[in-house]
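If you want the building blocks of each chain, they are given just below.
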Amino acid sequence: MASVVPISLEHAPGFRNALDAVARERIYLGQTEARSLEWANEVVANNVKNNHAHFVALHDNDVVGWCDIIPRTLPGFGHTGALGMGVVKSLRGCGIGKALLLATIQRAIETGLTRIELEVYVSNTTAIELYQRNGFIEEGVKRKVRFLDGKYDDVLIMAMVTV
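Rules and cut-offs
Residues numbered from 1 in each chain as written. Predicted model: local features only at pLDDT ≥ 70, side-chain atom pairs only at ≥ 80, totals over all residues. Heavy atoms only, no water. Helix = DSSP H or I, 4+ residues; strand = E, 2+ residues; numbered from the N terminus. Rg over C-alpha atoms; globule rule 2.2 N^0.38 Å. Buried < 20%, exposed > 50% of the residue type's maximum accessible area, 1.4 Å probe, protein only. Contact = heavy atoms within 4.5 Å. Areas by Shrake-Rupley, 256 points an atom, 1.4 Å probe, with all protein chains shown as cover. Lys, Arg positive; Asp, Glu negative; His and termini not counted. Charge placed at Lys NZ, Arg CZ, Asp CG, Glu CD. Salt bridge = Lys/Arg side-chain N within 4 Å of Asp/Glu carboxyl O. Phe/Tyr/Trp six-rings, centres within 6.5 Å; stacked < 30°, edge-to-face > 60°. Expected span 1.5 Å × (residues − 1). Arc of directions from axis to C-beta.

1. Considerations on the overall build of the protein chain
Now for step 1: Of the regular secondary structure elements, the protein chain holds 4 helices and 7 strands.
Now for step 2: Listing the helices and strands of the protein chain from first to last along the sequence gives β-α-α-β-β-β-α-β-α-β-β.
Now for step 3: Here the protein chain has a C-alpha radius of gyration of 15 Å; the compact-globule value for 163 residues is 15 Å, and the two agree.
Now for step 4: Overall, the C-alpha framework of the protein chain stretches about 40 × 40 × 30 Å when taken along its three principal axes.
Now for step 5: Counting the 163 residues in the protein chain, one finds 42% classified as buried.
Now for step 6: Here the contacts in the protein chain between residues at least 6 apart in sequence split such that 60% fall between residues at least 24 apart.
Now for step 7: Accessible surface, the protein chain as shown: approximately 8,800 Å² in total, 52% of it carbon and sulfur.
Now for step 8: Taking the average location of the 17 positive side-chain charges in the protein chain and that of its 18 negative ones, the two points are 4 Å from each other.

2. Overview of the pattern of salt bridges
Now for step 1: Summed over all chains, the structure comprises 10 salt bridges.
Now for step 2: Two residues, Arg 24 and Asp 20, come together in a salt bridge whose shortest N-O distance is 2.8 Å.
Now for step 3: Given the relative accessible area of 48%, Arg 24 is considered partly exposed.
Now for step 4: Of the residues examined, Asp 20 reaches a relative accessible area of 12% and is grouped as buried.
Now for step 5: Each of Arg 72, Arg 115, Glu 117 and Glu 139 takes part in one network of salt bridges that share partners.

3. Digging into the packing of aromatic side chains
Now for step 1: Following the criterion strictly, the structure yields 4 aromatic pairs and no others.
Now for step 2: Judged by centre distance (6.4 Å) and plane angle (25°), the rings of Phe 15 and Trp 39 are stacked. A residue pair is termed long-range when its members are at least 10 positions apart, and Phe 15 in helix α1 (residues 12-23) and Trp 39 in helix α2 (residues 37-49) qualify at 24 residues.
Now for step 3: Take Phe 15: its relative accessible area is 2%, and that puts it in the buried class.

4. Things to note about unusual backbone geometry
Now for step 1: Backbone geometry places Asp 60, a non-glycine residue, at a positive phi of 50°.
Now for step 2: Looking at the secondary structure, you find Asp 60 in the loop between β2 (53-59) and β3 (62-71).
Now for step 3: For Asp 60, a relative accessible area of 66% translates into the label exposed.
Now for step 4: Here Lys 144, not a glycine, exhibits a phi torsion of approximately 50°, which is positive.
Now for step 5: Assessed through its relative accessible area of 54%, Lys 144 is described here as exposed.

5. Section: α2
Now for step 1: A rise of 1.5 Å per residue sets the reference length of α2, with its 13 residues, at 18 Å; its end C-alpha atoms lie 18 Å apart and thus fit the reference within 8%.
Now for step 2: For α2, every residue scored as buried is listed here: Ala 40, Val 44 and Asn 47. Down the axis of α2, the smallest arc covering the buried residues is 65°, so these residues share one side. Exposed side chains of α2 directed beyond 90 degrees from the buried face belong to Glu 38, Glu 42 and Lys 49.
Now for step 3: Taken together, the buried residues of α2 touch α1, β2 and β3.
Now for step 4: Note on α2: the residue one or two positions beyond its end, Asn 51, has a positive phi of about 55°.

Right, here's the structure in full:
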């Protein structure tokens, strides 16, 4: 089983590699490859500095998954955070996603977030079920949001309100 820990600067390369692996599947994320290591270093440094809810799953000291909830920055929206997550293909179905999700939600609540929202492709039924089992509700659908590899996909908007 993997251990779930708050992200630290040393995890940036592994975070980038896990993100890249999931992105290259071209199914679950909006991006089809990860950005540069410099980008990952900046993201992780910013999240650590600002105490954002960002966790990684480690298996044999390798980052095999991540979950983050990043607060919105516009005035009036600081109580809201956007969730993103992923687990590498070889370790899906082992409870890593749930462990990441629960740890990250707990930290987000501790830091004052009272609304957590996410967008997930309708085709990603496993993730949708995970979110539903852990308190997220459907708020709407964006139709034909993505057209990739010859097919359209809708996006389901989901959220959790913690107060």
